[in-house]
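Given next are the chains, with one letter for each unit.
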Amino acid sequence: MTTTLTAADAAPTGLETSGASGASGRRPRRRRGSSASDPVGGVGASILLWGYAVLALAPLVIMVLNSFRTNADFITNPLGLPTSPTVAAYKEAWTVGSFGTYFVNSLAVTAGAVAISTAVSTMAAYGLARSRARIFRWIESLFLSGLMLPIHLAILPVFFLFDGFGLIDSRLGLALMYAAAGVPFSIFVLTTFFRQLPEELEEAAVLDGASPWQTFWRIMVPMVRPALATVAVFRFVPIWNDFLYPLVLLRSESKYTLPVGLTNFFGENATNYSALFAGLVITTIPLIVLFLFATKQIVAGLTAGMSK
Amino acid sequence: MKTRTGLAFLAPALILFGVFVLYPMLTAFSYAFFEWQGTSRQGFAGLSNFSALVNRAPFKTDLPTALLHNVLFFVGTMLVQNTIGLSVATLLHRRARTRRMLQTLYAMPYLVSPIVIGYLWTLLLSPTFGPVNQLLTKIGLEQFALPWLGDPKTALWVVILVSVWQWVGFPVLLYGAALGGVPEELTEAARVDGASHGQVFRKITFPLLIPAIGTVSVLTFIFAMEAFALPFAFGGSTGNPAGSTDFVSLLFYRSAFDSGAVDAIGTSSALATVLFLIIFGGAMAATKVLRRHERRMAS
Amino acid sequence: MTQRTRRSTFTLIAFTGVLAVAACAPSSDNDTKGSGDGGDAKATTLTVWSWRVEDEAAYNKIFDAYEAKHEGITVEFKPFKATEYNKVLATGLAGSDGPDVPQVRSYGQVEPTIASKSLVPLDGKVDLSGWDENVVNSAKSKADGKLYSVPLARQTVQMFYNKGLFEKNGISEAPKTWADFTAAGDKLLAGGVTPIAVGAKDDWTLPIVHEVLAAPRFGGAAFQEEVLTGKKSFTDPNFVASIDVFKQLAKYFPKNVTGVAVTDAQTLFSAEKAAMFPGGSFDMAVLKKANPKIDLGVFEVPAPTGSPEDKATTPGWADGNFAVNAKSPNQEAALELVKWMSTKEFGQMVADEVKQISAVPGVTYNDPLLKQMADNYEKSPSPYLLLTDFRYGTPSGTDLMGKGAQQLLLGSKTAEQVAADIDTGVKAWFKPSS
């Protein structure tokens, strides 16, 4: 299977983790005086970088601003500012749209799916990184070919499968579906990380009499924490935003996730733009919070890698 | 590690993946070899569904165009996203204080669902009310106030650029990390020897970044060939205007569930199978090239 | 050696797993669950699926009335996102706990559902005699000629106009002749108003615009007959000329029209920057809500010069049909409900609550505009041809017209080329009768 895509070749090699703590990453910054460590591009580049940041943030800002406007105001001037801010739209979205229920469902399904998928993928990635038998290369290729499967094109067989299992209208079923769909990507990233860890660590643990599971859990998992954060965030976002699978696999409104609730809310309030934006803000805020926390983890890990 | 232990570690992922992804996907591929009456399966059809993709309208005319758009989407994204990602990562490299903040901001558009992105940019670029054209007119660049999403010449590029805008945070992060992995002794030694910034980048930094670029390329390829959400949000299922933003996944979407053809499941499954084979073949070829390059580097 | 044994053991396990899954995958039609209340006629819950999320309140009101008269029956209305509804319905009907009464597509787009044997034939169970033939055809299969659903609504397309803006620009009444129509356009242009708000970025609107502006030019119902029997094709000079009407009227459309989304076009109209909006009866509610101050009117666009018959028409079709799921455990109760949907009582409620033109004949309308649209269709109907007869395969007539009209407006194709594309496109699946 030498021709198959394997994580070893095409993996984010930059994501090295020396296992060093984030603190050591700060050391290089203190060096001054050498021209090589001055920012590239100077002030002009700074303006450019911040200018682009504004462009990147624009849609979020537009979303938030419009959610505080009245609908009449929005229709007359779609891109104006909220001259007299109001939270009426939020009240409406939260109560009329029953976003409270959807919110809890989304959180349970998404967090559950990410947890399951990350857990099984971490184990599998470790197994793949540390086994030499030929069958493992086959299995690895199988998983990686999963990266290329357009799974949303298989909605009909997925439905029949769930129907056969009695998993229609089950939040657990939905979470399992998402978890499975995330396995290839998670394994793709995590295998690389495990491969970069020196094997001496485990050899020492084995000499101390630790079982493979203990070695994995106590020594290896803590060392790939930044990678776990990366994988978790990258999987969390698309699951959180997806509405196709819940629409097809769920039946009861009490089990709907936010995007499904949102699409129904959209339909009922097609012309109530401010309420729509409020709904969107409610949907997006958890992602932003998660992202702010997780980038700290991810970037800390990356910085640690860079400081070598 | 012993094989048995290794398999034990792999078992949960294998079961989950096998049951919920591999099995339905293989079933979907098998659908391509049958005749269909709506959702009820009929007799074995051999390869007739596949030949329909080549011989029958709309596939005969739409599939080549859609595929071309997928390829353009890939090439365009590669060029623009890698250029921006690499430049921004280089510029950020020594800005210790603001780096993380900016990296986070650049990744923000990824959090917003593509449907909303499509809606907002359509609003911004609208020729009737859009502020982009109003601004261009105001600053005397009226000749550039184009009907962006209304002209087949620009619509595809708007889709590509907005997609880059949404995803550029990742190459920035990845290349940033990869740049951090370039040994400073190497670049500094070169600088001491009198090499310019540009020379250092071309001769030392860039070759070391090639594995990271390779990863981004393969993932971008898969992403571009499966492109659906953003084109759908911009041009609907028919790739407005005049099919200029049509993609293979959109063709699948409208022929699988939106048509009056009773054999839709057969032909659309054949389409899904072909799409997978293209992605698989492309990704394997890319990996092969990368591997050869790495070997050359190593020797 | 041991290695190989292990591997084959593993493969075996994997295989057994897959087989086990395969065994229970195709939905074993055990309808036991969900039908626990099937035996007890006193308490039956009927589920109705629909893509009309915006009409949920109206339907709940309608079904409350039904429940009040039918003891022990509860009707649960469940709407889904319109763009995903086809997927939800196809999977739902194939599975074991789908709806009892699904809202299904009309004309050609319901054929795949019928071919799946998912719907109960209604011949002899529901009486649609005296209904408009064009409407009834929406519920019949062309494959076996049987009736599979009860049409809900008649949609008509016509020109909406802003009476105030017309007066302000010296147009005293709705145009009666093609010359009046273009003269009105010129006056509005001179007055700095966009005469016709077209959203050509959304291709699906263009076949509708084509019908509104040029149905008489190709000959409406007479042409339908000829093209279905194979006497004429879409390359007929009259049909080509009808496409060319886009080109003639393009100066009255917004600038860069292929970049204008249909929502933009509606906003132009609501903001009183445009005087006319070619649209469907289903657009009325949206237009009224967006700017209630506009004095809204509708008219039939006069027949373009050179039309086979100098008579304006109101093109229309049926949609929103309801059917009975063949797998429903409550088929009798479901049938009863669908039967009720063919009564005048239901039709009247659709007119009053859902505010659509009911498919049931003889319904009256409180809303003067709705009444005018219904009356116009009654008086001078013509089929929305590309929808009623050319959506029985892929590529559909409407898709081809949408794309073709965009190419025409962009100047990349001529009306002849567009007509030829439509002709070759539909020939992929269309066989004339006779």
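About the thresholds
- Residues numbered from 1 in each chain as written.
- Chains lettered and ligands numbered in written order.
- Predicted model: local features only at pLDDT ≥ 70, side-chain atom pairs only at ≥ 80, totals over all residues.
- Helix = DSSP H or I, 4+ residues; strand = E, 2+ residues; numbered from the N terminus.
- Buried ≥ 20, exposed ≤ 12 C-beta atoms within 10 Å, placed from the backbone.
- Contact = placed C-beta atoms within 7 Å.
- Axes fitted to C-alpha atoms, helices over the stretch in contact; angles between N-to-C directions.
- Parallel < 35°, antiparallel > 145°, perpendicular 65-115°, else oblique.
- Nonpolar A, V, L, I, M, F, W, Y, C, P; charged D, E, K, R; others polar.
- UniProt positions renumbered as here; feature names shortened; annotations may be inferred.
- Pairing = 2+ DSSP bridges.
- Domains from an automatic or database assignment.
- pLDDT = per-residue confidence, 0-100.
- Core = buried A, V, L, I, M, F, W, Y, C linked by C-beta atoms within 7 Å.

### Points about the overall build of chain C
- Within chain C one finds 18 helices and ten strands.
- Overall, the C-alpha framework of chain C stretches about 85 × 65 × 45 Å when taken along its three principal axes.
- Counting every position in chain C, which comprises 434 residues, the buried fraction comes to 53%.
- Within chain C, contacts between residues at least 6 apart in sequence are counted, and of these 76% link residues at least 24 apart.

### Side note on the environment of Phe44(B)
- Take Phe44(B): it is sitting in strand β2 (residues 40-44).
- Every residue in contact with Phe44(B), bar those within four places of it in the chain, is listed here: Phe33(B) and Phe34(B).

### With respect to the packing of helix α3 (residues 59-92) of chain B against helix α12 (residues 248-256) of chain B
Residue and element names in this part refer to chain B.
- Where α3 contacts α12, the two axes come as close as 8 Å, and the packing angle between them is 140°. One way to sum up the angle between α3 and α12 is to call them oblique. Seen from α3, the contacting residues are Asp62, Leu63, Ala66, Leu67 and Asn70; seen from α12, they are Val248, Leu250 and Leu251.
- Split into classes, the residues belonging to the contact of α3 with α12 amount to six nonpolar, one polar and one charged.

### Focus: the UniProt feature "transmembrane region" (unreviewed entry) in chain B
Residue and element names in this part refer to chain B.
- Here, the residues flagged by UniProt with the feature "transmembrane region" (unreviewed entry) are residues 7-34, 71-92, 104-124, 155-177, 208-234 and 270-290.
- The span residues 71-92 is 100% helix and 0% strand, and its two end C-alpha atoms sit 31 Å from each other.
- This span, residues 208-234, is 89% helix and 0% strand, and a straight line between its end C-alpha atoms measures 38 Å.

### Observations regarding the interface of chain A and chain B
- Taken together, the 75 residues of chain A in the interface contact 73 residues of chain B.
- Those elements that place two or more of their residues in the side of chain A that touches chain B are α1 (42-67), α4 (99-130), α5 (134-145), α6 (155-165), α7 (171-196), α10 (225-241) and α13 (273-306) of chain A.
- Counting residues per element, the side of chain A that touches chain B draws most heavily on α13(A), at eleven residues.
- Tallied by class, residues from the side of chain A that touches chain B come to 55 nonpolar, 15 polar and five charged.

### Structural notes on the sheet that holds strand β3 (residues 101-102) of chain C
Residue and element names in this part refer to chain C.
- The strand order β2-β1-β3 describes an open sheet built from three strands, whose pairing is parallel. Edge strands, defined here as strands with exactly one partner in the open sheet, are β2 (73-79) and β3.
- By the bridge criterion, seven bridges tie strand β1 (residues 44-50) to β2 in an arrangement that is parallel. Looking across to β2, one finds that leucine 46 is bridged to valine 75.

### Focus on the domain arrangement of chain C
Residues and elements named next belong to chain C.
- Each assigned domain of chain C is listed here: domain 1 (44-152 + 320-342) and domain 2 (155-317 + 376-426).
- Between the C-alpha centres of domain 1 and domain 2 there is a distance of 31 Å.
- Domain 1 puts nine residues into the contact, and the matching count from domain 2 is eight residues.
- Of the residues contributing to the side of domain 1 that touches domain 2, the split by class is one nonpolar, six polar and two charged.

### Focus: the confidence of the model for chain C
- Per-residue pLDDT for chain C has a mean of 90; in total, 90% of the residues score no lower than 70.
- With pTM at 0.87, the complex prediction returns an ipTM value of 0.87.

### Things to note about the nonpolar core
- Counting 296 residues, the largest nonpolar core has Ala180(A) and Ala13(B) as the members making the most contacts within it.
- Of all the elements, α7(A) adds the most residues to this core, at 16 residues.
- Residues in contact with Ala13(B), not counting those within four places in the same chain, are Val120(A), Ser121(A), Met123(A), Ala124(A), Val183(A) and Ile187(A).

### A word on the pairing of strand β6 (residues 274-280) of chain C
All names here are of chain C.
- Of all the seven residues making up β6, seven are buried; the element is thus mostly covered by neighbouring parts of the structure.
- Summarising the sheet, strand β4 (residues 153-162) and β6 pair through five bridges and their orientation is antiparallel. From the neighbouring strand, phenylalanine 160 faces β6, where its bridge partner is phenylalanine 277.
- Of the pairings in the sheet, the one linking strand β5 (residues 194-196) to β6 comprises two bridges and is parallel in character. Along β6, the bridge assignment pairs threonine 194 with alanine 274.

### With respect to unusual backbone geometry
- With an omega of -10°, the peptide bond running from Asn240(B) to Pro241(B) counts as cis.
- You can see Pro241(B) is positioned in the loop between α11 (229-235) and α12.
- Residue Pro395(C) follows Thr394(C) across a cis peptide bond; omega there is 0°.
- Within the fold, Pro395(C) resides in the loop between α16 (385-388) and α17 (397-410).
- Even without glycine at this site, Tyr107(C) takes up a positive phi of about 50°.
- The residue Tyr107(C) is located in the loop between β3 and α4 (111-115) in this model.

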